[in-house]
Amino acid sequence: MIELTETMNEKVVSLFSEIEDMNHEQVVLCHDKETGLKAIIAIHNTVLGPAMGGTRMWNYASEQEAMTDALRLSRGMTLKNAIAGLNIGGGKAVIIGDASKIKNEALMRRFGKFVHSVAGKYYTAEDVNMTTRDMEYIRMETPYVTGLPEFMGGAGDPSPYTAYGVYMGMKAAAKKAYGSDDLSGKKVLVQGTGNVGTHLIDYLTKEGAKVSVSDIFEDKIKKITDRFVVDIIPADEVAHANVDIYAPCALGGTLNDTTISQLQCDIVAGAANNQLLDELKHGTQLLERGILYAPDFLINGGGITNVYYEYAGNHSRERVMKQTELIYDTTCRVFDLSQQSGKTPHEAAIKIAEERIKSIGNIKLPL
């Protein structure tokens, strides 16, 4: 029997405290020496159905940072799937490491075996630094994967649908803030020019918005400037850029003590998950400053809607686009509830999501 030292005991207590605080059902730590795989599968809630959410690969500064990200992201998926009206629960996986250095077929397939080990309680899909090709490798080891390439019968790249949902949410926010959802002439800063950011820029420029972009990767910036007429904002100037709408489309935590006091925008509406570093504190700060915040887990739900219909076996582009368009109406409803209750839009959106989980959970009770 292995005896735990006092330090080890403290780490175990801290780990379970974090899991308990967010009310997760199950967390799986995955390790494989041969491939170098270190991953975390976080299953938050399965009341509405099996947990579904993408796998993210990131070179985290610490294992604790990876754990916190997995827990927060998986909880966000529960809320996202619930408010989108989907019959799936929330989960997420993170793989620790530099994708450009360690990602390969063997690592992906080994990860697939770990996904398979939870026996359908969690379905994975694409997220940051993952591709449809990676989903192919994972699918070789488990059927519990969505977001497969179209030639394999899958729904393909979810990013166009994610971007469309953000676009719908942004227009709803403009309607609330300006009295019109017309974005022509509006100054919009898109931070993060990956797949989702690129599709969002496409929607915005076609409507006539004045788009600025920012990214820490010069090659991504070049791809954007080769295709679109945009202004470039240096990464260290994003927080105080003079724009109408700020769209965070990279990693989370960009709305915090440092940045919120500098913001010069009317609206925040972007694709990034967990934009509020502290949900209550920073949501309240935005409200107090008169900045309208479109909850991230609400407006970035188009991508998961796409893979949900692949999972359900009745996917079509028309069906997904129609479902994603409903984000506009739901966002308007959230803003109205926020105004009526005095709560932040983030709190109002959580309330709507949790009420659906509770109501559907009740009908599943035995007679």
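The rules we used
Residues numbered from 1 in each chain as written. Predicted model: local features only at pLDDT ≥ 70, side-chain atom pairs only at ≥ 80, totals over all residues. Heavy atoms only, no water. UniProt positions renumbered as here; feature names shortened; annotations may be inferred. Helix = DSSP H or I, 4+ residues; strand = E, 2+ residues; numbered from the N terminus. Contact = heavy atoms within 4.5 Å. Phe/Tyr/Trp six-rings, centres within 6.5 Å; stacked < 30°, edge-to-face > 60°. Buried < 20%, exposed > 50% of the residue type's maximum accessible area, 1.4 Å probe, protein only.

Comments concerning the UniProt feature "active site" (unreviewed entry) in the protein
No. 1: As annotated in UniProt, the feature "active site" (unreviewed entry) corresponds to Lys92 in the numbering used here.
No. 2: Mapped onto the elements of the fold, Lys92 is located in strand S5 (residues 89-96).
No. 3: Ignoring anything within four residues of it in the chain, the contact list for Lys92 reads Ile40, Ile41, Ala42, Gly53, Gly54, Ala70, Leu73, Ser74, Met77, Tyr122, Asp127 and Asn273.

What to know about the packing of aromatic side chains
No. 1: Taken as a whole and judged by the stated rule, the model has seven aromatic pairs.
No. 2: Judged by centre distance (5.2 Å) and plane angle (70 degrees), the ring pair of Tyr308 and Tyr309 falls under edge-to-face. Tyr309 shares its class with Tyr308; the two are buried.
No. 3: Seen in terms of ring centroids, Tyr308 and Tyr311 are 6.0 Å apart; in terms of plane orientation they differ by 45 degrees. Their pairing is tilted. Taken together, the residues Tyr308 and Tyr311, both in helix H12 (residues 302-312) and three residues apart, mark about one turn of the helix.
No. 4: Overall, Tyr308 belongs to the buried group, its relative accessible area being 11%.
No. 5: When its relative accessible area of 30% is taken as the criterion, Tyr311 is described as partly exposed.
No. 6: Counting every residue linked through ring pairs, the aromatic cluster contains Tyr123, Tyr144, Tyr308, Tyr309 and Tyr311.

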